[in-house]
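Reading the structure
Residue strings, one per chain:
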Amino acid sequence: MSILVLAEHHDGQLAAGTAHVVGAALAIGGDIDILVAGDDVAGVAEAAARLDGVSCVRVADAPAYAHQLAEPLAELLAQLADDYSHVLAAASTEGKNVLPRVAALKDVSQISEILSVESADTFKRPIYAGNAIATVQSSDAFKVITVRTTAFDPVADGGGATIEALDIVVSSELSRFIGEELAQNERPELGGARVVISGGRGMGNGDNFKLLDGIADKLGAAIGASRAAVDAGFVPNDMQVGQTGKIVAPDLYIAVGISGAIQHLAGMKDSKVIVAINKDDEAPIFQVADYGLVGDLFEILPELEQKL
Amino acid sequence: MKVLVAVKRVIDYNVKIRVKPDHSDVDLTNVKMAMNPFCEIAVEEAVRLKEKGVATEIVAVTVGPKAAQEQLRTALALGADRAIHVETEERVESLAVAKLLKGVVDEEQPGLVILGKQAIDTDNNQTGQMLAALANMGQGTFASEVAFGDGVEEGEVRVTREIDGGLQTVALKLPAVVTTDLRLNEPRYAKLPDIMKAKKKPLDTRTPEALGVSVASGLSLLKVETPAERKGGIKLGSVDELIDKLKNEAKVL
């Protein structure tokens, strides 16, 4: 078996999720190669080559792959497919955008967002917002898989894979990049943070999210939000934790003013320790929290910040 | 421009699901069904494009059992002009749905196809991207804005996409595929007179055989389980107690 992992990168940096995807590839077993596609990505390729367990980093470095749009990238992956039994990518917006296109080009199914590897052709994945877990088996000769990165441990740095330049250039007339607006954020990324503190509708308004800042600073935490807080316009959607937002599994998750709707729980219930702060004693969030504090968050948050 | 909008019949998002005792699947008998929420957003976007004069005709399509005609009638009540039902009682995976939709695209030749980014039952997030590949179209997935003429050339659509960490804007050559994300719009409710009128709008049926598509899949569902339940913990009396527990019991501080 041989597995191709699609590397994800932003601004010349290899994304943390890629090491988790290689972790999933190791669980399947076989030779592991990484594809780095982009414009001016030599540094990314070097970082990818340091990941443990990787044999070869294949680099498609061309302006056509800038911004990693799905149309050229899927075509490139489809051209490389014959060398591999599996192709894996993170179940990020990038992986979700590109891989189904690859699967259709190769006339095979895709297995989305796997949680575990049962064997080289059998995987577990969440359905119904994580309220059920399906075990699925693929008989396709070429398997296209996206990986829920929080479900797999990352491989360490310390490998020394070879780096091979690919001269396949696929350009697509179907789409062109216009622009990008990325949230400026000095905090850790939600998906990879060790501690996450999230606010819900109970925060009352967007300004009150500042109450979470000081605590997040002290704990080195990322700040998230429930869908209710996003829909109410308090904070942008990229802060959303839940089935329709980011899936997180930090060591410590602090839910503030979040009632605990099913769709939110699906995004954070795999956290190691969950703390809930809510004024409603009956809020469903307390049914999954290890530690609960019933009370007014506007009193509790400043006290917590001061005492940490 | 003709807009094709795909909808799916799924379990209502407010219903708590039950796994069948034999673990073969989720039990859908006597469960309230509805249009997939992301598909509602897709229909709403098509209707808004028609209200703006960009779309001239909206064709709603679904793949599924006889009962899925209910969701097509909902789409018609919301503003679709006519509907196509690709009828099959089989379990149909995303790739087969994409092939069936490709068959409908070939017949209808729409300028734009709008789908929900994922269905809330299988959570696959695949069909739109697969359809775009099969039809050789560009794809604007996870759209939070769809615009014409504004900063893009004639024959293109501008799509703003929700990506990890922010927003990305692309221009796609038409015809193109767009999949909807939550913030694209807020779907309206159907009014009673429109629901009555929808009963008289045309609804055609097709079969996978007539479209020349096999719905067989390389995937088999071996088992469905309920995830391990997380047990609730304890309620604490003070912030001091919380900090103490986090430091000394959970050891996460």
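Not measured: the values here are computed from a predicted model.

Thresholds applied
Residues numbered from 1 in each chain as written. Chains lettered and ligands numbered in written order. Predicted model: local features only at pLDDT ≥ 70, side-chain atom pairs only at ≥ 80, totals over all residues. Heavy atoms only, no water. Phe/Tyr/Trp six-rings, centres within 6.5 Å; stacked < 30°, edge-to-face > 60°. Lys NZ or Arg CZ within 6 Å of the ring centre and 35° of its normal. UniProt positions renumbered as here; feature names shortened; annotations may be inferred. Helix = DSSP H or I, 4+ residues; strand = E, 2+ residues; numbered from the N terminus. Patch = residues over 30% accessible without salt bridge, like charges linked within 9 Å, V, L, I, M, F, W, Y side chains within 5 Å. Areas by Shrake-Rupley, 256 points an atom, 1.4 Å probe, with all protein chains shown as cover. Salt bridge = Lys/Arg side-chain N within 4 Å of Asp/Glu carboxyl O. Contact = heavy atoms within 4.5 Å. Buried area = accessible area lost by both parts, 1.4 Å probe. Polar contact = N/O pair within 3.5 Å; in protein donor to acceptor, adjacent residues only side chain to side chain. Nonpolar A, V, L, I, M, F, W, Y, C, P; charged D, E, K, R; others polar. Pairing = 2+ DSSP bridges. Axes fitted to C-alpha atoms, helices over the stretch in contact; angles between N-to-C directions. Domains from an automatic or database assignment.

Here the focus is the packing of aromatic side chains. When we look at a pair of aromatic rings, we describe it by the centre distance and by the angle of the planes. One pass over the full model with this rule turns up zero aromatic pairs over all chains. The aromatic ring of phenylalanine 286 of chain A is capped on one face by lysine 235 of chain B, whose charged end is 4.8 Å from the ring centroid.

So, on to the UniProt feature "domain: Electron transfer flavoprotein alpha/beta-subunit N-terminal" (unreviewed entry) in chain B. In the UniProt entry, the feature "domain: Electron transfer flavoprotein alpha/beta-subunit N-terminal" (unreviewed entry) is given for residues 23–215 of chain B. End-to-end, the C-alpha atoms of residues 23–215 of chain B are 23 Å apart, and along that stretch the chain is 28% helix and 30% strand.

Next up on the list: a nonpolar patch on the surface. Where nonpolar side chains cluster on the molecular surface, the patch consists of Leu192, Ile195 and Met196 of chain B and spans about 280 Å² of accessible area. Note that leucine 192 of chain B resides in helix α5 (residues 192–198).

The next point concerns the interface of chain A and chain B. In many reports, interface size means the accessible area that the parts give up when they come together. In this assembly, 84 residues from chain A lie in contact with 77 residues from chain B. Taken over both partners, the interface formed by chain A and chain B buries close to 6,600 Å², and the fraction arising from carbon and sulfur atoms is 54%. Here chain A and chain B share seven salt bridges between them. Seen at the junction of chain A and chain B, the total is 46 residue pairs in polar contact (both at pLDDT 80 or more). Classifying every residue of the side of chain A that touches chain B by side-chain character gives 37 nonpolar, 23 polar and 24 charged.

Below, the discussion takes up the sheet that holds strand β8 (residues 116–119) of chain A. Taking strand neighbours across the sheet as the criterion, the four strands line up as β8(A)-β9(A)-β10(A)-β12(B) in an open arrangement whose pairing is antiparallel. The open sheet has two free edges, formed respectively by β8 of chain A together with β12 (219–225) of chain B, since each of these has just one partner strand. Between one strand and the next, the sheet's axes are offset by a mean angle of 30°, whatever the strand orientation.

So, on to the domain arrangement of chain A. All names here are of chain A. What the domain assignment lists for chain A is domain 1 (2–165) and domain 2 (190–307). Each of domain 1 and domain 2 has a C-alpha centre, and the two are 31 Å apart. Facing six residues of domain 1, the contacting portion of domain 2 comprises eight residues. Approximately 580 Å² of surface area, both sides summed, lies buried where domain 1 meets domain 2, with 54% of it carried by carbon and sulfur atoms. Considering only the side of domain 1, the residues that lose the most area to domain 2 are Ala129, Arg148 and Thr150, jointly responsible for 72% of the buried surface there. In this structure, the connection of domain 1 to domain 2 is made through zero salt bridges. At the junction of domain 1 and domain 2, the tally comes to zero residue pairs in polar contact (both at pLDDT 80 or more).

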